[in-house]
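Residue-level structure breakdown
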Amino acid sequence: MAAADGDVSTSEGKRSLSLGGHVGFDSLPDQLVGKSVTQGFSFNILCVGETGIGKSTLMNTLFNTTFENEEACHFQEDVHLRPRTYELQESNVQLKLTVVDTVGFGDQINKDESFKPIVDYIDTQFENYLQEELKIKRSLFNYHDTRIHVCLYFIAPTGHSLKSLDLVTMKKLDSKVNIVPIIAKADTISKNELHKFKIKIMSELVSNGVQIYHFPTDDDTITGINSSMNAHIPFAVVGSSEEVKVGNKTVRARLYPWGVVQVENENHCDFVRLREMMFRVNMEDLREQTHARHYELYRRCKLEEMGFKDTDPDSEPFSLQETYEAKRKEFLIDLQHKEEEMRQMFVNRVKETEAELKEKEKEVFQHVCG
């Protein structure tokens with residue numbers, strides 16, 4: 001290893017060293033890439049949308065495969081989530097993909113609580129990760145991370161406005177997951193209607209305070225493409241696993257009596273844009289945002305709810321042991337109060353029963369004597 005020729009002091013107190021030869025720490029990114037490839041990656045997609053809107057078809061089209069699928073009926077009593085995990089490999093990179101479907105979403109007459117199972121599922125994944133973090137013997141290295149990295153929210157191609165169910169659900173989810181709204185079956189409305197519909201959707205999201213995921217523009221290498229793609233949100237997509245011959249090549253498309261809608265033709269729909277943005281350009285940012293923003297918010301709120309805090313009002317250092325003892329004492333006092341209440345309730349019930357028995361005995365005695 002070569003030694004430094006000299007050093008220069010900066011105004012911030014940092015020392016800037018100039019090297020006399022090659023040291024080798026410039027290979028650190030390559031080491032990280034090698035380690036990541038060996039470990040593999042996990043990516044979890046939540047598909048929210050009404051039954052029959054094309055969620056499964058789009059997933060098959062996005063990954064150019066056929067996932068196992070059970071057709072859902074429109075008679076579900078409530079919403080339940082169906083996660084399925086698959087091992088995928090492209091080149092030498094392994095991906096553990098989990099696709100979570102919302103079965104029965106929007107099928108109930110009373111839709112007031114339709115969002116609750118979805119919120120509960122996302123929180124449960126956060127809680128599982130938090131519990132793993134809090135273990136004495138942690139195994140985060142090989143832990144299967146099931147936290148949702150992106151929510152594809154399927155909007156029906158009505159051409160008018162968002163349904164109240166869509167607005168309420170997205171508002172409940174926007175602080176917990178990266179939401180990417182997409183217009184499903186976009187080939188069912190004209191280009192002019194589609195353009196107006198996109199503007200209407202974005203206007204309603206802004207006016208209702210719904211925070212959707214925007215592709216990051218702070219990295220100079222992807223600023224241009226992400227800025228242009230942000231203008232296409234919500235993506236108007238068409239999914240199809242059907243192959244149609246167009247000219248001299250076979251493409252995935254939907255065949256109609258009036259013509260062919262090509263899935264991977266950017267003039268026909270935004271499918272390619274969605275795939276590029278989600279997987280080729282911003283997949284790691286979606287994972288990072290999930291951990292650094294949404295999970296951290298959940299973790300902070302959960303720990304504060306449990307009584308933990310970084311500093312007390314006097315800015316003294318935080319003590320985990322003291323906090324634990326205080327919460328334990330509080331719990332025991334609360335438990336004693338509840339025991340006392342139950343004991344008193346039992347005594348009162350016994351007294352009431354004794355009084356009733358005495359009254360019955362008195363009535364029987366009077367009847368016999370009479």
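Below or above, wherever it landed, is the structure these notes cover. Here the structure is a predicted model, which is why all the values come from computation and not from measurement.

**Remarks on a nonpolar patch on the surface**
Taken together, the side chains of Phe-331, Leu-332 and Leu-335 define a hydrophobic patch exposed on the protein surface, amounting to about 270 Å² of accessible area. Mapping Leu-335 onto the fold places it in helix H9 (residues 320-369). Residue Leu-335 is classed as partly exposed on the basis of its relative accessible area of 36%.

**A closer look at the packing of aromatic side chains**
A complete count under the given rule lists 12 aromatic pairs for this structure. With centroids separated by 4.5 Å and ring planes inclined at 40°, the aromatic side chains of Phe-67 and Tyr-86 adopt a geometry described as tilted. Remark: Tyr-86 occurs in strand S4 (residues 80-90) and Phe-67 occurs in the loop between helix H2 (55-62) and S4; sequence separation between them is 19 residues. Accessibility expressed as a relative area gives 9% for Phe-67, which makes it buried. For Tyr-86, a relative accessible area of 14% gives the class buried. Geometrically, the ring pair formed by Phe-126 and Tyr-298 is tilted, given 5.5 Å between the ring centres and 35° between the ring planes. Taken together, the positions of Phe-126 in helix H3 (residues 116-134) and Tyr-298 in helix H8 (residues 283-305) put the pair 172 residues apart, joining distant regions of the chain. Of the two residues, Phe-126 and Tyr-298, neither departs from the other in class, the shared state being buried.

Reading guide: rules and limits
- Residues numbered from 1 in each chain as written.
- Predicted model: local features only at pLDDT ≥ 70, side-chain atom pairs only at ≥ 80, totals over all residues.
- Heavy atoms only, no water.
- Patch = residues over 30% accessible without salt bridge, like charges linked within 9 Å, V, L, I, M, F, W, Y side chains within 5 Å.
- Areas by Shrake-Rupley, 256 points an atom, 1.4 Å probe, with all protein chains shown as cover.
- Salt bridge = Lys/Arg side-chain N within 4 Å of Asp/Glu carboxyl O.
- Helix = DSSP H or I, 4+ residues; strand = E, 2+ residues; numbered from the N terminus.
- Buried < 20%, exposed > 50% of the residue type's maximum accessible area, 1.4 Å probe, protein only.
- Phe/Tyr/Trp six-rings, centres within 6.5 Å; stacked < 30°, edge-to-face > 60°.

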